[in-house]
Amino acid sequence: MPTVSLPLIPEILRLICEQLYHKPTLASLARTCTAFENPALDTLWFELDEGFYPLAKCLPSDLWVEVERKDKNHYIVLRYPLVPEDCTRIIRYAKRVYRFSFESIYGSKHLLPNIRSLIWRWHASDYPGFFFVYSFLGPHLTKVVLHLSGDVSQYSVIPTLYQRHPALKHVELEHTARNNVHEVRIVKVVSNFVYKWHDLEILAVTNITYSALLEVSLLPSLTRFEISEWIPDNVSLTAQTGTFPVLNYLVIASPKLSHCVVFFEVMDSSPIKVIDFSVNKKESPESWRSFFNAIREHCRNDTLQKVISSGFYDDDDVLSPEDMPGFEDIKPLLAFHDLRHLSLTIPQGFYLSDSTATKEMARSWTKITQLVLKLPSYNRSPQPSKITLLDLLPFAEHCPYLSELAIFLDATSPPELDELILPGNGISQTSLIELQVGDSPGNCPTLIAAFLSGTFPSLEKIVTMESRESELENYNSEDEEEDDMTTSTDPWIRAQVLLDAFSAIRKQERLRAASQSGRILGIIDEQ
């Protein structure tokens, strides 16, 4: 029977190669037959995740030597100056590269002409090496991430980048200034160009001028904006309407909350979904209230789903009631009924002095899954919390999706046994898995565990200050033995032991009920 030669469809060959992630296998496949050569090589060279190293090894073998330096990394060192004939193989393979990640390499006209994404982070001490970046600004770039050091001459790359790539969609410009004079100059250079990329979808900068912020706010496609050291220089200009029309993810860090308020005042009912902010100093409760009011006034209340924060704090600080923000200060956030995740780890912690706070939060945030209000240390708290175990019932009643809760409690007088038969008239929530209580005071672990087990039967973990410190010690220790929680005097940790026991008993009861039900059904079937 004569053999039949079937056509090899290039698209199918390419799909086959794309399923192979082992580079030696792709190299072998490229040498198997001419039909597989190009699809295999295209897949093999599509992404360079080791920097320029693989291409450098395509130079003639007598031209370079591989050395290991003190940092244990391997480097390619040239023995002789390059001539055009030496780059024949590099040019052949470089055309196949579409993605390139750069950390610290030494490398002239578009060495990788087809790359779409360029990440160029050069160490501050290597000023001359930074300028090799110009050789990688190929014509198809859509994403550029640059780290610019204190050498002001590096910032000439920004106007060049704009001239060559006016249609970039993703730009990240990180900078480190050597002094205040350099900082001012750097911010001006960055500010003069960032808003000119009209197709930007993602922008991340260290800082820009207020006038540049107003221009950035008008970009029609910007969905994510990050600014890591926001300090407004001049707020005399007036913001326009229709600002940040499609922005849904904001990351902002600033030394002062008042600076953040200035930022939000630029917005005009922006459809933000996520706000991630941080401050590096303690602020008054009034400042926090102004900040949350600014969010309420300038963000759409039907889109915001996540608010998270971070900031440093000192456990040795002595706090007074006036130092700590409370429920009235975060109350503006109750307007956002679609909120799913609220995590406020601000330096002072929150102090909820109103026992009605949990009821209002639960009724406003019925879709919440994570609610974390940074816990003050009990020995720093000005007075016991007004929130008791019974004040958790609104979360069980109104928040069916809540899985993580961090709140400062007073469990020194837990409900008595007769109240624990059906706490809250049988209200039960089965989504809560983790409860963080910090240094909250408590008495009678049995009553605490009985209440939590009845109200939140799926609760697996109670996190206290002592248990968290113990976890950190075990993580840093080579001893793999875990601490015996049964010997702890912390009422919350002892309640955790009882919860585990209650959970085991509950499982046994389910298995027994299922087994008895099965036997009854079997008897009925026999009859």
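Visitor: Would you explain the overall build of the protein in this entry?
Guide: Assigned secondary structure in the protein consists of 17 helices and 17 strands. Looking at the protein as a whole, 44% of its 527 residues are labelled buried. Carbon and sulfur atoms make up 52% of the accessible area of the protein, which amounts to about 27300 Å² in all.

Visitor: I tried to follow unusual backbone geometry on my own but got confused; where do I start?
Guide: Note: most peptide bonds trans; most residues except glycine with negative phi. Backbone geometry places Ser269, a non-glycine residue, at a positive phi of 55°. Structurally, the position occupied by Ser269 is in the loop between α10 (257-264) and β11 (274-279). A positive phi is found at Cys444, a non-glycine position, where the angle reads about 55°. With respect to the element layout, Cys444 can be found in the loop between β16 (434-438) and α15 (445-455). You can call Cys444 partly exposed: its relative accessible area is 36%.

Visitor: Is there a simple way to think about the confidence of the model for the protein in this case?
Guide: Segments scoring low in pLDDT should not have their predicted coordinates read at a detailed level. On average, the protein scores 81 in pLDDT, and the residues at 70 or more come to 78%. Looking over the protein, one finds the lowest element-wise mean pLDDT in helix α16 (residues 465-476), namely 57, and the highest in strand β9 (residues 224-227), namely 97. Note on residues 104-108: pLDDT under 50 across the span, and 14 contacts to partners over four residues away in sequence or across chains.

Visitor: Would you mind showing me how to read α15 here?
Guide: Structural remark: α-helix, 3.6 residues per turn; residues separated by three or four positions point the same way. Burial of α15 is extensive: eight of the eleven residues sit out of reach of the surface. Restricting attention to buried positions, one finds in α15 the residues Pro445, Leu447, Ile448, Ala449, Phe451, Leu452, Ser453 and Thr455.

Visitor: Explain the pairing of strand β10 (residues 249-254) here, please?
Guide: Side-chain direction in a regular strand flips from residue to residue, so the side chains alternate between the two faces of the sheet. The buried fraction of β10 amounts to five of the six residues, a majority that puts the element mostly inside the structure. As judged from the four bridges shared by β9 and β10, these two strands associate in the parallel manner. Looking at β10, one finds that Phe225 is bridged to Leu250. Crossover handedness for the path β10 to α10 to β11: right-handed.

Visitor: Help me understand the nonpolar core, please; the structure alone is not making it clear to me.
Guide: Most often, soluble globular proteins keep nonpolar side chains buried together rather than apart. Judged by nonpolar contacts, the single largest core of 129 residues is most densely connected at Phe225 and Leu452. The biggest single contributor to this core is α10, with six residues. With residues near it in sequence (within four places) discarded, Phe225 still touches Leu203, Val205, Ile208, Leu213, Val216, Phe244, Leu247, Tyr249, Leu250, Val251 and Phe263.

Visitor: Would you mind showing me how to read the pattern of salt bridges here?
Guide: A side chain with one charge can pair with a side chain of the opposite charge if their charged atoms come near. Counting across every chain of the model gives nine salt bridges. Ionic pairing is found between Glu360 and Lys331, a salt bridge with its closest N-O pair at 3.8 Å. With Glu360 in helix α13 (residues 357-364) and Lys331 in the loop between α12 (327-330) and β13 (341-344), this residue pair connects regions lying 29 residues apart in the sequence. A relative accessible area of 29% means that Glu360 is categorised as partly exposed. One continuous salt-bridge network, built from bridges that share partners, spans Glu328, Lys331 and Glu360.

Visitor: How should I be thinking about α10 in this particular structure?
Guide: Burial analysis of α10 places seven of its eight residues in the buried class, which makes it a mostly covered element. By the burial criterion, the buried members of α10 are Leu257, His259, Cys260, Val261, Val262, Phe263 and Phe264. Those residues of α10 hidden inside the fold are in contact with α9 (210-216), β9, β10, β11 and α11 (285-298).

Visitor: What exactly am I supposed to notice about a nonpolar patch on the surface here?
Guide: Nonpolar side chains collect at one region of the surface, where Ile9, Ile12 and Ile16 lie side by side and expose about 250 Å² of accessible area between them. Examined against the element boundaries, Ile12 turns out to sit in helix α1 (residues 10-18). Assessed through its relative accessible area of 44%, Ile12 is described here as partly exposed.

Visitor: Teacher, can you tell me more about the packing of helix α2 (residues 23-30) against helix α3 (residues 34-45) here?
Guide: Two numbers describe a pair of packed helices, the interaxial angle and the distance between the axes. Where α2 meets α3, the axes come as close as 8 Å, and the angle between the chain directions of the two elements is 155°. In terms of orientation, α2 lies roughly antiparallel with respect to α3. Regarding α2 and α3, the two cross each other, and that crossing is left-handed. Listed contacts from α3 to Lys23, Leu26, Ala27, Leu29 and Ala30 of α2 are Phe36, Glu37, Ala40, Leu41, Thr43 and Leu44.

Visitor: What am I meant to see in the packing of α10 against α11 here?
Guide: In contact at an axis separation of 9 Å, α10 and α11 are set at 15° when each is read in the N-to-C sense. As judged from the angle between their axes, α10 and α11 are roughly parallel. Note on packing geometry: the crossing formed by α10 with α11 is left-handed. Of the residues in α11, those in contact with Leu257, Cys260, Val261 and Phe264 of α10 are Ser287, Trp288, Ser290, Phe291, Ala294, Ile295 and His298. For the contact of α10 with α11, the class distribution of residues is eight nonpolar, three polar and no charged.

Visitor: So what exactly am I meant to see when it comes to the environment of Phe291 here?
Guide: On the secondary structure map, Phe291 appears in helix α11. When the C-alpha positions of Phe291 and Val261 are compared, they lie 5.5 Å apart, and in sequence the two are 30 residues distant.

Visitor: Explain the environment of Thr366 to me, please; I cannot follow it from the model alone.
Guide: Inspection of the secondary structure assignment puts Thr366 in the loop between α13 and β14 (370-373). Setting aside residues up to four positions removed in sequence, Thr366 forms contacts with His398, Cys399, Pro400 and Tyr401.

Conventions and cut-offs
- Residues numbered from 1 in each chain as written.
- Predicted model: local features only at pLDDT ≥ 70, side-chain atom pairs only at ≥ 80, totals over all residues.
- Heavy atoms only, no water.
- Helix = DSSP H or I, 4+ residues; strand = E, 2+ residues; numbered from the N terminus.
- Buried < 20%, exposed > 50% of the residue type's maximum accessible area, 1.4 Å probe, protein only.
- Areas by Shrake-Rupley, 256 points an atom, 1.4 Å probe, with all protein chains shown as cover.
- pLDDT = per-residue confidence, 0-100.
- Contact = heavy atoms within 4.5 Å.
- Pairing = 2+ DSSP bridges.
- Right-handed = clockwise from strand over helix to strand, strands pointing away.
- Core = buried A, V, L, I, M, F, W, Y, C linked by side-chain atoms within 4.5 Å.
- Salt bridge = Lys/Arg side-chain N within 4 Å of Asp/Glu carboxyl O.
- Patch = residues over 30% accessible without salt bridge, like charges linked within 9 Å, V, L, I, M, F, W, Y side chains within 5 Å.
- Axes fitted to C-alpha atoms, helices over the stretch in contact; angles between N-to-C directions.
- Parallel < 35°, antiparallel > 145°, perpendicular 65-115°, else oblique.
- Left-handed = near helix turned anticlockwise from the far one by under 90°.
- Nonpolar A, V, L, I, M, F, W, Y, C, P; charged D, E, K, R; others polar.

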